[in-house]
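Each chain is listed here by its residues.
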Number of protein chains: 2
Amino acid sequence: MTTRRYMRQAMTILALTLVRCAFAYADSGQSAVLQAYLRPPTVPAPADNVPNAARIELGKALFFDPRLSGSNWISCATCHNPALGWSDALPTGIGHNGKQLSRATPTILNTAYLPVLMWDGRSGSLEDQALGPVESADEMHQDPDVLVGKLASIPGYRTLFERAYPGQGISKATIAKAIASFERTIVSGEAPFDRWVQGQSDAISASAKRGFELFTNEANCVACHSGFNFTDGSFHNIGVIDPGPADNGRFAVKPLKAMRGAFKTPTLRDIALTAPYMRNGIYRTLEEVVEHYVRGGDVRENLSAEIHPLNLSAQDKRDLVEFMLTLTAAPVSVQLPVLPSGVTAELPRGPHLAGLSSPASTRRNP
Amino acid sequence: MTTRRYMRQAMTILALTLVRCAFAYADSGQSAVLQAYLRPPTVPAPADNVPNAARIELGKALFFDPRLSGSNWISCATCHNPALGWSDALPTGIGHNGKQLSRATPTILNTAYLPVLMWDGRSGSLEDQALGPVESADEMHQDPDVLVGKLASIPGYRTLFERAYPGQGISKATIAKAIASFERTIVSGEAPFDRWVQGQSDAISASAKRGFELFTNEANCVACHSGFNFTDGSFHNIGVIDPGPADNGRFAVKPLKAMRGAFKTPTLRDIALTAPYMRNGIYRTLEEVVEHYVRGGDVRENLSAEIHPLNLSAQDKRDLVEFMLTLTAAPVSVQLPVLPSGVTAELPRGPHLAGLSSPASTRRNP
């Protein structure tokens, strides 16, 4: 045996021993492995938009206000519904006039920690992302310049903006900054897994602990679902098929072969609340998601996925699901804001029904 | 002067004196006139649906759950938005696939006290009304029998229904009863006017007090807007015109000549929160509403309205608006429920995007 081979073997043994020690220490919360899952000490925010109470209050009002949409009927919270895990419980989203969108609505939860936003990562910050769905013709269908005028016509908003961004006025920039400030408050609560990481050995079941070991080793879910937020913030093709035309994902932003069919790794936090799963909502349950990985994904346009079939027993699969369920915190009941009252400027005066674009129904409602 | 004429004159003087006394006593809260505006001691409920905590909790979940609609995207709260005075700040409502409805969304506030529901009074109880918008093709577009199956497929709802209506199961009847139970909790808070009625003389301004006197006398608004809830629960033609085809209102339910163009008197409680006004949202401000009454309404199809022009000064008009604003209580921030998680049964399994009725967009969102 050469010295090099000896060294390599020794290192392997040392590494395996360290991993074993990590798990041995897990129950006392001392594990170096587990340290990677501790909550980051701060929620990052850009220097020119440090959150404060006024900014968060304004952002919350905007987030819940349907007047942010062209129809005055769809708010950010319509799809990012706090009562449904800040998502919509739908396979894929719905937008203006019931438009069926092609991708699943991602949860807002922990977007504060993400380096890039959207399934294809085309947005680099919450400030950059906030007005995207507002101005999308298919989603909220609102010209953001018109929105500025609408908000400026509501006295309550003039006050809220002046408090939040003194002297900066109501602009696309301050609207986006305020929404981003509110989104930075939407972070996951303490889940059973977190209590286990902190040393409470009975916080999760033996099955969940086995699931975590599978997650971080044999199944190697941790290759992408890493850290406190259980995402590497990067892009991977995991062999999800589209029933309709193929969605090339990240490739539209970075036209590299490896990015064809690659999508941003979603968080697994509060995963019990955000079914159905995958970027097109193709699976209804976590059991179906595990089966997807076990079979190594599905073949799509002859593009091989980054994942490979797994050899897992029925118990292994149950353990993996059991572990994932420990990532869901106790549900939080969200307090709705009181929105500034007032009819927005763009509604015509007088008999303004005449100004509606679509004809009034001849059926009588309500 | 005959004895009869003398008696009549004496009675008139007595009556006028009593009214004057009533106003003189107003500031000490002793007025018999003001007693009519006291909050009813109880919120009425039918004997077979006495509200309790479990029924209210279930009803609140249903009220906020978009899975009550055919699209799984529209909840009762979408249009009856607690952040917008339990209405939608729109001239007329919006429904399934962005359908423009022909009538304004009425507030849910104090519907608990109403003898009949809907603008045309076609519904006799909250229980009878609750599923109307759900099954309307133009509104929530949900077959209620399918809804029963959807809710039964969500374990959390099975628990909530069993707690609320033990042994009664999930049915159209129990869904409606639960929603009605929640709606009975949506009653107006204490407004400045209420504090004045209770004897706090500085609770409303001198202008508002003059406005109240106009409201109850010269302007005679109280002929329809009477009692604690500022509605007689009856139907009147007040000469509101439709920009489109004329809406005959109550006539569709009671085909009497007097009911043509007559609509249920809406509450004035929290009126500052529910602009725009009238059954078709034709006025943006209370000032415009007052002008409508001052000119005696508008002529519609040669149907004379029940109202007649008023001779009011500019100050009178300001006083009336000032009074109406005292009927708005401090806004209440509503706590969203945590909805039972789970994908509803009607979503097909597997690659269920294929089951969507409308084609997926080729544009990529989100």
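Remember, predicted model here, so these are calculated numbers, not experimental data. (Residues numbered from 1 in each chain as written. Chains lettered and ligands numbered in written order. Predicted model: local features only at pLDDT ≥ 70, side-chain atom pairs only at ≥ 80, totals over all residues. Heavy atoms only, no water.)

Some details on the overall build of chain A
Here is step 1: Of the regular secondary structure elements, chain A holds 13 helices and two strands.
Here is step 2: In chain A, of all internal contacts separated by at least 6 residues, the share reaching a separation of at least 24 is 69%.
Here is step 3: In the structure as shown, chain A presents an accessible area of about 15,600 Å², 57% of it carried by carbon and sulfur atoms. (Helix = DSSP H or I, 4+ residues; strand = E, 2+ residues; numbered from the N terminus. Contact = heavy atoms within 4.5 Å. Areas by Shrake-Rupley, 256 points an atom, 1.4 Å probe, with all protein chains shown as cover.)

Things to note about the nonpolar core
Here is step 1: Ranked by size, the top nonpolar core spans 86 residues in total, and within it Leu62(A), Tyr157(A), Leu62(B) and Tyr157(B) carry the most contacts.
Here is step 2: Filtering out sequence-adjacent residues up to four positions away, Tyr157(B) remains in contact with Leu58(B), Ala61(B), Leu62(B), Asp65(B), Arg67(B), Leu151(B), Ile170(B), Leu339(B) and Pro340(B). (Core = buried A, V, L, I, M, F, W, Y, C linked by side-chain atoms within 4.5 Å. Buried < 20%, exposed > 50% of the residue type's maximum accessible area, 1.4 Å probe, protein only.)

Focus: the side chain of Asn237(A)
Here is step 1: The topology assignment puts Asn237(A) in the loop between β1 (235-236) and β2 (263-264).
Here is step 2: Polar contacts involving the side chain of Asn237(A) include one to the main-chain carbonyl oxygen of Arg260(A), which spans 3.3 Å. (Polar contact = N/O pair within 3.5 Å; in protein donor to acceptor, adjacent residues only side chain to side chain.)

Examining the confidence of the model for chain A
Residue and element names in this part refer to chain A.
Here is step 1: Taken residue by residue, chain A gives an average pLDDT of 88. The fraction at 70 or more is 84%.
Here is step 2: The low-confidence segment residues 16-22 (pLDDT under 50) makes three contacts with residues lying over four places distant or belonging to another chain.
Here is step 3: Low pLDDT, under 50, characterises residues 348-363; the stretch is placed with 31 contacts to residues that sit more than four places away or in other chains.
Here is step 4: As scored by the predictor, the complex reaches a pTM of 0.87 and an ipTM of 0.86. (pLDDT = per-residue confidence, 0-100.)

Notes on the environment of Glu135(B)
All names here are of chain B.
Here is step 1: Turning to its location among the elements, Glu135 is positioned in helix α6 (residues 132-135).
Here is step 2: Judged by its relative accessible area of 46%, Glu135 is partly exposed.
Here is step 3: Placed 52 residues apart in sequence, Glu135 and Ala83 show a C-alpha to C-alpha distance of 24 Å.
Here is step 4: Setting aside residues up to four positions removed in sequence, Glu135 forms contacts with Gln142 and Pro144.

Points about the packing of aromatic side chains
Any pair of aromatic rings gets described here by the distance separating the centres and the angle formed by the planes.
Here is step 1: Under the defined criterion, the tally for this structure stands at 39 aromatic pairs over all chains.
Here is step 2: Where Tyr37(B) meets Phe193(B), the ring centres are 5.4 Å apart and the plane angle is 90°; that geometry is what we call edge-to-face. In this pair, Tyr37(B) sits in the loop between α2 (32-35) and α3 (53-64) while Phe193(B) sits in helix α10 (residues 192-197), placing the two residues 156 residues apart along the sequence.
Here is step 3: Here Tyr37(B) falls in the buried class, since its relative accessible area comes to 3%.
Here is step 4: A network of ring pairs unites the aromatic residues Tyr37(A), Phe193(A), Trp196(A), Phe212(A), Phe215(A), Phe230(A) and Phe323(A) as a single cluster.
Here is step 5: A cation sits over an aromatic face here: Arg250(A) above Phe235(A), 4.0 Å from the ring centre.
Here is step 6: Its guanidinium or amino end placed over the ring of Phe251(B), Arg260(B) lies 4.0 Å from that ring's centre, counting from NZ or CZ. (Phe/Tyr/Trp six-rings, centres within 6.5 Å; stacked < 30°, edge-to-face > 60°. Lys NZ or Arg CZ within 6 Å of the ring centre and 35° of its normal.)

Describing helix α3 (residues 53-64) of chain A
Residue and element names in this part refer to chain A.
Here is step 1: Over its twelve residues, α3 extends 17 Å from the first C-alpha to the last, a length consistent with the 16 Å expected when each residue adds 1.5 Å.
Here is step 2: Buried residues in α3 make contact with α4 (76-79), α7 (144-152), α8 (155-164) and α9 (172-183).
Here is step 3: A side-chain oxygen of the first residue of α3 lies 3.1 Å from the backbone nitrogen of Ala54; this N-cap is Asn52. (Expected span 1.5 Å × (residues − 1).)

Brief notes about the pattern of salt bridges
Here is step 1: Taken as a whole, this structure holds 28 salt bridges over all chains when the rule is applied.
Here is step 2: Here Asp65(A) ties to Arg67(A) by a salt bridge, and the two come within 2.9 Å at their closest N and O atoms. With respect to burial, Asp65(A) and Arg67(A) carry one shared label: buried.
Here is step 3: Taking the shortest distance from any N to any O, the salt bridge between Arg195(B) and Glu190(B) comes out at 3.3 Å.
Here is step 4: What emerges from the salt-bridge pattern is a single network uniting Arg103(A), Asp120(A), Arg122(A) and Asp247(A). (Salt bridge = Lys/Arg side-chain N within 4 Å of Asp/Glu carboxyl O.)

Thoughts on unusual backbone geometry
Of all residues except glycine, most have a negative phi; of all peptide bonds, most are trans.
All names here are of chain A.
Here is step 1: Geometrically, the link from Ala275 to Pro276 is a cis peptide bond, its omega value of -5° lying close to zero.
Here is step 2: By the element assignment, Pro276 lies in the loop between β2 and α12 (286-294).
Here is step 3: We note that Asn72 has phi near 60°; this positive angle belongs to a residue other than glycine.
Here is step 4: Classification of Asn72 by relative accessible area gives buried; the value is 6%.

Structural notes on the state of the cysteines
All names here are of chain A.
Here is step 1: With the rule as written, the count across this model stands at zero disulfides over all chains.
Here is step 2: Cysteine Cys79 shares no disulfide, and the gap to the nearest cysteine sulfur, in Cys76, comes to 9.1 Å.
Here is step 3: We classify Cys79 as buried; its relative accessible area is 13%.
Here is step 4: You can see Cys224 has no disulfide; the closest cysteine sulfur is in Cys221, sitting 9.1 Å from it.
Here is step 5: The class of Cys224 is buried, set by a relative accessible area of 17%. (Disulfide = S-S within 2.5 Å.)

Overview of the environment of Ala206(B)
Residue and element names in this part refer to chain B.
Here is step 1: Topologically, Ala206 is positioned in helix α11 (residues 206-216).
Here is step 2: Exposure remark for Ala206: the relative accessible area of 48% places this residue in the partly exposed category.
Here is step 3: Taking the C-alpha atoms as reference, Ala206 lies 9.4 Å from Glu322; in sequence the two are 116 residues apart.

Brief notes about the environment of Lys99(B)
Here is step 1: Note that Lys99(B) resides in the loop between α4 (76-79) and α5 (126-129).
Here is step 2: Between the C-alpha atom of Lys99(B) and that of Asp138(B), which follows or precedes it by 39 residues, the distance is 6.3 Å.

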